[in-house]
Amino acid sequence: MKLADILPKEAWAKLEHEIQEKFGLMGMVYDKDGFTFTGDHEFVNRLCPAIKDKKDALAAICSIASQNMMAEAEKTQKAVISECDAGMVRVAVPIFVNGTFMGTAGGCGRKLPDSDIETFLVSKTTGLPEEDVETLAGDVPEITEDQARELAAFIKKRLAEMLKA
């Protein structure tokens, strides 16, 4: 069974949009295999598309963080708030249906107020000059830890409502 078997793809895309509208992060729903399936994502900064545009950077930064957080969310059955290797916050809330792990819902693309974007790492993985990465990183919006926890609570509540219906 897949998430799209439980609710239509449009319902999951709506959750992604709610995450972005309410919290300013790029909302993402991943299936249990770690793939997004709605095909409907909006970046919240200029750095993320530059990372995701390069296969090696996507694998080294986004995919690794997503896989690790998904594994932790499944194991602990709790929301995970962490940073990707580029230095941006990611939130992953596990989705369980009848005790079976189905994937995660969350968001990414902002940074903690005291955090720095790892421009050297992003430069090396994307092949972009570090000065260009610094320029792109300049508009990465901030999010506090409290706001990230609020997002996790919001997602948990929304998932309960969605899966109850």
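These lines cover the structure that appears in this document, whether it is placed above or below.

## Regarding the nonpolar core
Consideration 1: One finds Trp-12, Leu-15, Ile-95, Leu-151, Ile-155 and Leu-159 to be the most contacted residues of the largest nonpolar core, which totals 24 residues.
Consideration 2: With 7 residues, the top contributor of residues to this core is helix H7 (residues 145-164).

## Topic: the pairing of strand E4 (residues 100-110)
Consideration 1: Counting buried residues along E4, 10 of its 11 residues qualify, which places the element largely inside the surrounding structure.
Consideration 2: Two strands pair when backbone bridges link them, and strand E3 (residues 89-97) and E4 are joined in this way by 9 bridges, in the antiparallel orientation. Each residue of the ladder has a partner; that of Arg-90, found in E4, is Cys-108.
Consideration 3: The loop that links E3 with its antiparallel partner E4 comprises 2 residues; one of these, Asn-98, has a positive phi angle of about 50°.

## Notes on the pattern of salt bridges
One side chain can pair with another of opposite charge once the charged atoms of both are near each other.
Consideration 1: The final tally for this structure, using the stated rule, is 6 salt bridges.
Consideration 2: The residue Arg-46 makes a salt bridge to Asp-139 at a minimum N-O spacing of 3.1 Å. Of this pair, Arg-46 sits in the loop between strand E1 (26-31) and helix H3 (47-52) while Asp-139 sits in the loop between helix H6 (130-137) and H7, and the two are 93 residues apart along the sequence.
Consideration 3: We note a salt bridge from Asp-146 to Arg-149, for which the minimum N-O separation is 2.4 Å. You can see Asp-146 and its partner Arg-149 sitting in helix H7, 3 residues apart, about one turn around the helix.

## Details of the environment of Leu-159
Consideration 1: Relative to the assigned elements, Leu-159 resides in helix H7.
Consideration 2: In this structure, the C-alpha to C-alpha distance between Leu-159 and Ile-143, residues 16 residues apart in sequence, is 22 Å.
Consideration 3: If near-sequence neighbours (up to four positions away) are discounted, Leu-159 is found in contact with Trp-12, Leu-15, Val-93, Pro-94, Ile-95 and Ala-105.

## Some thoughts on the packing of helix H5 (residues 119-126) against H6
Consideration 1: At a minimum axis separation of 9 Å, H5 and H6 run at an interaxial angle of 120°. Taken together, the axes of H5 and H6 are oblique relative to one another. For H5 against H6, the interelement crossing comes out right-handed. From H5, Thr-119, Phe-120, Val-122, Ser-123 and Thr-126 reach across to H6, where they touch Glu-130, Val-133, Glu-134 and Ala-137.

## Let's talk about unusual backbone geometry
Consideration 1: With a phi close to 60°, Gln-77 is a non-glycine residue in the positive phi region.
Consideration 2: With a phi angle near 50°, Asn-98 is a residue other than glycine that sits in the positive phi range.
Consideration 3: Within the secondary structure, Asn-98 sits in the loop between E3 and E4.

## Details of empty space enclosed by the protein
Consideration 1: Summed over all chains, the structure comprises 4 cavities of 30 Å³ or more.
Consideration 2: Here the largest cavity is characterised by a volume of approximately 90 Å³.
Consideration 3: If you go around the largest cavity, you meet 13 residues; those closest to its centre are Tyr-30, Arg-90, Val-91, Ala-92 and Thr-104.
Consideration 4: Elements represented by at least two residues in the lining of the largest cavity include exactly E1, helix H4 (55-76), E3 and E4.

About the thresholds
Residues numbered from 1 in each chain as written. Predicted model: local features only at pLDDT ≥ 70, side-chain atom pairs only at ≥ 80, totals over all residues. Heavy atoms only, no water. Core = buried A, V, L, I, M, F, W, Y, C linked by side-chain atoms within 4.5 Å. Buried < 20%, exposed > 50% of the residue type's maximum accessible area, 1.4 Å probe, protein only. Helix = DSSP H or I, 4+ residues; strand = E, 2+ residues; numbered from the N terminus. Pairing = 2+ DSSP bridges. Salt bridge = Lys/Arg side-chain N within 4 Å of Asp/Glu carboxyl O. Contact = heavy atoms within 4.5 Å. Axes fitted to C-alpha atoms, helices over the stretch in contact; angles between N-to-C directions. Parallel < 35°, antiparallel > 145°, perpendicular 65-115°, else oblique. Left-handed = near helix turned anticlockwise from the far one by under 90°. 1 Å grid on protein atoms, 1.4 Å probe; cavity = no way out; pocket = protein on both sides within 12 Å on 5 of 7 lines; lining within 4 Å. Points joined across faces, edges and corners; volume = space filled by probe spheres on them.

Treat this as a map of the structure, not an account of what it does.
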